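A structural walkthrough
Next come the chains, spelled out residue by residue.
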Amino acid sequence: MIVDLHTRRRLCAAALGAALLPRLQPARAATPRRHAQLTLAGPGAVVSYPLMHMAANGALSDHTDQLRFRLWQTPDQLRTLLVNQDIDFSAAPSTLPALLHNRGMPVRLLNISVWGILWLVSRDPAVKTFADLAGRELVAPFQRDLPAVLLDTLLQAQAARGLAPVALRRTRDGQDAIALVLNGQAEHVLLVEPMASLLLWRAAQAGGVPLYRAQSLEQAWRSGFPEQPSLPQAGVMAAAGVAGDTELCRAVNQAYAESARWCAANPEACAALVRVHLPHLPAAAIETAIRSTRLESRSAREARPELEALYRLLASRYPQAIGGDLPPVGFYGP
C-alpha cells in the first residue's frame, strides 16, 4: 500500500504522541519527607503554649514520628540551640529571627501570634497609664531584648512630648522584679505574661497591699505611635535546617494556628497542659495570662506590613536589634 507524505506525517505524530502520553499524565502528590523527630522550642511565655499543645497532641504526624517540646531560658540559649541544630522550630520575639537572618543564618519567620503581652502593674491605683509614671521609678526586667527596645522607645517618645522622664531600674529577670514589688521595695513594674499574672496572684495570696493591673504597653504604644498601632511581638521561626521545607513549614504554621485557637478558647485546659512544662506556675496565673494576651496567629507573609513598620522604627532607633536593616522578602513565610 502506498502512503502519501501527508498521511505518513500524521501516523508518525500519532505514534510519537502515544509514546509521550505516560509522561504527560498528572504527577502524583509527593510523599511528605518524614523526620524521625522534630523539636519545637520556646520560652515559658504564652507564645509557647500552642507549641506545647502541638507536642502533646501528636501534631505533624504526616511529617514526623516524634514531636517534642523543650524550653529555653534566654535568647542567647536559643541562639546556641539553633547553631547546634538541636531544634527545628521555636517561638521567639519578632526581632530575633530578623537579627539572625541579617547575620547570615538562613532562618525564616513563619507567623506572628502575640500582639499584646507586656503589662504595667502598680501598687498605686491612681497609676492607670505609662504617662502616669512621669517622674517615678519603673522596674523592668529587660536588658537587650524586644521588650527593652519597645519600652525605651515609648518612654523616649513620652519625654519628647514634655513629660518628666521615667527612672528605669533594670533587674536580672522577672523573678527579681516580682520580689522587689512584693517586698515593698518597688512601686511599679513592667512584666511579660505570665509573670504579670503571677505577681498579681502572689500578692493576692499574701493578703498584703493590693496590686493593680494598669495599662498594657501595647495600649500605650497605640497612643504614642498611631502610625504603627499594632505590635507584632512574637511568633514562630523555622531553623535553618528546615526553613527551606515549604510543605513542612506550612504544616507547622497551620497546626500552630489551630492550637493557638484552642488555647485561647480553653484557658483552663491549656493551663493544665502548660503546667507539665512549668510546674512551678500556679494554674490560676496561667489562665489569667492566657486571657490577658492577644493570641492571634497570622502568617508572617500576611503580617509583613506590620512587621516591616516595626523593623523600620527599630532600624531608625536601635538598628542592632534587627541586625541593621529589613530582612528580604523570602524571610517572611511560610
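Scope of this entry: the structure provided in the associated data block. (Residues numbered from 1 in each chain as written. Predicted model: local features only at pLDDT ≥ 70, side-chain atom pairs only at ≥ 80, totals over all residues. Heavy atoms only, no water.)

Observations concerning the nonpolar core
Ranked by size, the top nonpolar core spans 99 residues in total, and within it Tyr 49, Met 54, Leu 60, Phe 89, Phe 130 and Leu 217 carry the most contacts. Judged by nonpolar contacts, the second largest core, of 14 residues, contains Trp 72, Leu 81, Ile 87 and Ala 239. (Core = buried A, V, L, I, M, F, W, Y, C linked by side-chain atoms within 4.5 Å. Buried < 20%, exposed > 50% of the residue type's maximum accessible area, 1.4 Å probe, protein only.)

Considering unusual backbone geometry
Cis geometry marks the peptide bond from Glu 193 to Pro 194, where omega comes out at 10°. At the junction of Gly 333 and Pro 334, the peptide bond is cis and its omega measures out at 5° in the coordinates. For Pro 334, the position within the fold is in the segment after helix H12 (304-317). At Leu 60, a position not held by glycine, the phi torsion is positive, near 65°. Along the chain, the position of Leu 60 falls in the loop between helix H2 (49-56) and strand S2 (67-71). Owing to a relative accessible area of 8%, Leu 60 belongs among the buried residues under this scheme. One non-glycine residue, Gln 85, adopts positive backbone phi at about 55°. (Helix = DSSP H or I, 4+ residues; strand = E, 2+ residues; numbered from the N terminus.)

Regarding the packing of helix H3 (residues 75-83) against helix H4 (residues 95-102)
Packed helix pairs are characterised by how far apart their axes lie and by the angle those axes make with each other. Between H3 and H4, the shortest axis-to-axis distance is 12 Å and the interhelical angle comes to 50°. With respect to H4, the axis of H3 lies oblique. Our pair here, H3 against H4, has a crossing hand that is right-handed. Contacts between H3 and H4 pair Pro 75, Leu 78, Arg 79 and Leu 82 from the former with Leu 96, Leu 99 and Leu 100 from the latter. Tallied by class, the residues present in the contact of H3 with H4 amount to 6 nonpolar, no polar and 1 charged. (Axes fitted to C-alpha atoms, helices over the stretch in contact; angles between N-to-C directions. Parallel < 35°, antiparallel > 145°, perpendicular 65-115°, else oblique. Left-handed = near helix turned anticlockwise from the far one by under 90°. Contact = heavy atoms within 4.5 Å. Nonpolar A, V, L, I, M, F, W, Y, C, P; charged D, E, K, R; others polar.)

Description of the sheet that holds strand S4 (residues 108-114)
Spatially, 6 strands are ordered S2-S1-S3-S10-S4-S11 in an open sheet, and the strand pairing comes out mixed. Since the sheet does not close on itself, it has two edges, and those belong to S2 and strand S11 (295-299), each with one partner. Across the sheet, the axes of successive neighbouring strands diverge by a mean angle of 25°, strand direction being ignored. Note: strand S1 (residues 38-42) against S2, 5 bridges, orientation parallel. For Leu 38, the partnering residue across the bridge sits in S2 and is Leu 67. The strands that H4 touches are strand S3 (89-93), S4 and strand S10 (234-238); relative to S3, the one it contacts most, it runs at about 110°. Taken strand by strand, helix H9 (residues 246-265) contacts S1, S3, S4, S10 and S11, and its axis lies near 160° from that of S11. (Pairing = 2+ DSSP bridges.)

Structural notes on the pattern of salt bridges
Taken as a whole, this structure holds 14 salt bridges when the rule is applied. Across the salt bridge formed by Arg 172 and Asp 176, the nearest N and O atoms sit 3.4 Å from each other. Among the salt bridges present, the one from Arg 298 reaches Glu 302, with a minimum N-O distance of 3.4 Å. When salt bridges that share partners are traced, they join Arg 172, Asp 173 and Asp 176 into one network. (Salt bridge = Lys/Arg side-chain N within 4 Å of Asp/Glu carboxyl O.)

Observations regarding the environment of Ser 223
Within the secondary structure, Ser 223 is located in helix H8 (residues 217-224). Looking at Ser 223, the relative accessible area reads 59%, which means it is exposed. Residues Ser 223 and Leu 314 lie 91 residues apart in sequence; the distance between their C-alpha atoms is 18 Å.

Nothing here speaks to function; it is geometry throughout.
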